[in-house]
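Residue-level structural notes
Residue-level listing of the chains:
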Amino acid sequence: MPEGDTVWLAAQRMNTALAGATLTKGELRVPQLATVDLTGATVTEVVPRGKHMLTRFADGRTLRTHYRMDGSWHIYRKGTPWKGGPAHSIRAILATDAWDCVGYRLHDLRIVPTSGEGELVGHLGPDVLGPDWDLDEALRRLRSHPDEQIGVAILDQRNLAGIGNLYKVETLFMTRTHPWTRVADVPDLPGLVERARTLMLANRDHPEQSTTGSTRRGEDHWVFGRRGRPCRRCRTAILLGDQGPDTQERVTYWCPACQAARSPIDPLACTGEPGHPASMVAT
């Protein structure tokens, strides 16, 4: 699933292409919006909100799109071939005299009055990359569920918006936090949240997502995608497990030495063995 920094960068590029321009073509290829024609509408701005993208129009409407696991926006100069996927996977086309913005495999498309955006994104916590980032509010929301596993809590967009699985995994490793630690037992919760934000700020202006400082293939992450490989700190083999509510499990990577369990309930989750009961509550 795209992380908040991916959505932020895409929104900046879309805003550069569309803001102030009038659409020469505005198609939404989803059944519920099949009769909506945005041709002739003027785009005022494109902004990210967590993992949501909001395209605002001068006539007081907003188009919300979400990437989920496989969606993406591609921007092409007028006349350039589109290469984002098969035509049947296109969900939206926003074109101007100069640019074609093509949305592939997008999800949750909605058109609402701009004044009503709250019904779409009002439930979200503070945006990690937003201009109104509020650390205290994010901490308040996290601490309101003290028994939640930290690996689940920081992915919950109602607590803070934008963090995805990659930054969750890497942040927990860098702060030596076991993924199944209770929120209440995290020694430095503000430091953990700020570390995640620092990583995302460092990566938001380019498509590469490096947490190690290197962008070379295979050297860009500490533990993410490195199951069975030696920890870069201590050489212990990296483990892989599932974490999260049933049907919402996410894979999580961690080093059992650098991120040793600190509470009596954590050791059950440390094996990372496929099918292990504790690994069925993942991120």
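Above this text sits the structure in question.
Criteria and cut-off values
Residues numbered from 1 in each chain as written. Predicted model: local features only at pLDDT ≥ 70, side-chain atom pairs only at ≥ 80, totals over all residues. Heavy atoms only, no water. Phe/Tyr/Trp six-rings, centres within 6.5 Å; stacked < 30°, edge-to-face > 60°. Helix = DSSP H or I, 4+ residues; strand = E, 2+ residues; numbered from the N terminus. Buried < 20%, exposed > 50% of the residue type's maximum accessible area, 1.4 Å probe, protein only. Lys NZ or Arg CZ within 6 Å of the ring centre and 35° of its normal. Axes fitted to C-alpha atoms, helices over the stretch in contact; angles between N-to-C directions. Parallel < 35°, antiparallel > 145°, perpendicular 65-115°, else oblique. Left-handed = near helix turned anticlockwise from the far one by under 90°. Contact = heavy atoms within 4.5 Å. Nonpolar A, V, L, I, M, F, W, Y, C, P; charged D, E, K, R; others polar.

**Digging into the packing of aromatic side chains**
Enumeration over the complete set of coordinates arrives at four aromatic pairs. Residues phenylalanine 173 and tryptophan 222 carry aromatic rings whose centres are separated by 5.8 Å and whose planes lie at 25° to one another, so their mutual orientation is stacked. With a gap of 49 residues between them, phenylalanine 173 in helix 5 (residues 165-174) and tryptophan 222 in the loop between helix 6 (189-203) and strand 9 (239-243) connect regions that are remote in the sequence. Judged by relative accessible area, phenylalanine 173 falls into the buried class, the value being 1%. An angle of 70° between the planes, with centres 5.0 Å apart, marks the rings of tryptophan 180 and tryptophan 254 as edge-to-face. Of this pair, tryptophan 180 sits in the loop between helix 5 and helix 6 while tryptophan 254 is found in strand 10 (residues 250-254), placing the two residues 74 residues apart along the sequence. For tryptophan 180, a relative accessible area of 4% puts it in the buried group. Judged by relative accessible area, which is 0%, tryptophan 254 ranks as buried. Positioned above the aromatic ring of phenylalanine 173, the side-chain terminus of arginine 233 is 4.2 Å from the ring centre.

**With respect to the packing of helix 5 against helix 6**
Relative orientation of the contacting elements helix 5 and helix 6 amounts to 125°, with a least axis distance of 9 Å. Relative to helix 6, the element helix 5 is oriented oblique. Helix 5 and helix 6 meet at a crossing whose hand is right-handed. Side by side, helix 5 and helix 6 meet where Tyr167, Glu170, Thr171, Leu172 and Met174 of the first sit next to Leu192, Arg195, Ala196, Leu199, Met200 and Asn203 of the second. In terms of residue class, the contact of helix 5 with helix 6 is made up of seven nonpolar, two polar and two charged.

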